[in-house]
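Letter by letter, the chains look like this.
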Amino acid sequence: MNPERKFDLEERLVNFAADIVFFCRDMPSDMTGHYYGNQLLRSGGSSALNFGEAQGANSDKDYINKISITLKELKESRVNLKILDRVNYVDSSMPNKLLNEVEQLVRIIATIIKNKKQGQDTL
């Protein structure tokens, strides 16, 4: 993988995490907002942090493990956003913007994992 592309993906994950922060900050301060907001903050932020950790992996196996956690956290964020969107919890277009970005990130990370695993099979 080209180092510039890693940086671009890292930036996208950091931007996604930052957008989640802004989104959660504007959520109502009721039981639903606290519960889903806290969950979303953790999974959205964790996806970027785990990707950063994967960049320092000691082996392909370690890299796949760490980037798989990134994928897991992105999928959790996606479900959370779908729930909030389904119940029309906030009055904004932000959930759709975030859902679009998380879908793209899930596809990208899943492809990276698939390609890395295929590369291991050919060794």
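Above this text you will find the structure in question.
Residues numbered from 1 in each chain as written. Predicted model: local features only at pLDDT ≥ 70, side-chain atom pairs only at ≥ 80, totals over all residues. Heavy atoms only, no water.

Chemist: Help me get a handle on the environment of aspartate 62, residues and values and all.
Modeler: Considering the arrangement of structural elements, one finds aspartate 62 in helix 3 (residues 60–86). Looking at aspartate 62, the relative accessible area reads 19%, which means it is buried. Polar contacts involving the side chain of aspartate 62 include one to the side chain of lysine 66, which spans 2.8 Å. (Helix = DSSP H or I, 4+ residues; strand = E, 2+ residues; numbered from the N terminus. Buried < 20%, exposed > 50% of the residue type's maximum accessible area, 1.4 Å probe, protein only. Polar contact = N/O pair within 3.5 Å; in protein donor to acceptor, adjacent residues only side chain to side chain.)

Chemist: Which residues make up the pattern of salt bridges, and what are the values?
Modeler: Enumeration according to the criterion identifies 7 salt bridges in this entry. Across the pair lysine 72 and glutamate 73 runs a salt bridge, and its minimum N-O distance is 3.2 Å. Owing to a relative accessible area of 11%, glutamate 73 belongs among the buried residues under this scheme. A salt bridge links arginine 78 to glutamate 103, with the shortest nitrogen-to-oxygen separation between them at 3.3 Å. Taken together, the residues span a long stretch of sequence, with arginine 78 in helix 3 and glutamate 103 in helix 4 (residues 94–121) at a distance of 25 residues. A residue is classified by how much of its surface remains accessible, and glutamate 103, at 21% relative accessible area, is partly exposed. (Salt bridge = Lys/Arg side-chain N within 4 Å of Asp/Glu carboxyl O.)

Chemist: Which residues make up a nonpolar patch on the surface, and what values do they have?
Modeler: Together, Val21, Phe22 and Leu41 give the surface a local cluster of nonpolar side chains, amounting to about 240 Å² of exposed area. The topology assignment puts leucine 41 in helix 2 (residues 31–54). (Patch = residues over 30% accessible without salt bridge, like charges linked within 9 Å, V, L, I, M, F, W, Y side chains within 5 Å. Areas by Shrake-Rupley, 256 points an atom, 1.4 Å probe, with all protein chains shown as cover.)

Chemist: Now, about the nonpolar core: what can you tell me, with residues and values included?
Modeler: Phe16, Phe23, Ile67, Leu74, Leu81 and Ile109 are the most contacted members of the largest nonpolar core, which totals 29 residues. Taken together, the elements giving at least two residues each to this core come down to helix 1 (3–25), helix 2, helix 3 and helix 4. The biggest single contributor to this core is helix 4, with 8 residues. Contacts of phenylalanine 23, omitting those with residues within four sequence positions, involve Leu40, Leu81, Leu84, Val90, Met94, Pro95 and Leu98. (Core = buried A, V, L, I, M, F, W, Y, C linked by side-chain atoms within 4.5 Å. Contact = heavy atoms within 4.5 Å.)

Chemist: Give a detailed account of the packing of helix 2 against helix 3, specifying residues and quantitative values.
Modeler: Between helix 2 and helix 3, whose axes approach to 8 Å, the crossing angle comes to 155°. Judged by the angle between their axes, helix 2 and helix 3 are roughly antiparallel. Handedness of the helix 2/helix 3 crossing: left-handed. A class-by-class count of the residues in the contact of helix 2 with helix 3 yields 11 nonpolar, 9 polar and 5 charged. (Axes fitted to C-alpha atoms, helices over the stretch in contact; angles between N-to-C directions. Parallel < 35°, antiparallel > 145°, perpendicular 65-115°, else oblique. Left-handed = near helix turned anticlockwise from the far one by under 90°. Nonpolar A, V, L, I, M, F, W, Y, C, P; charged D, E, K, R; others polar.)

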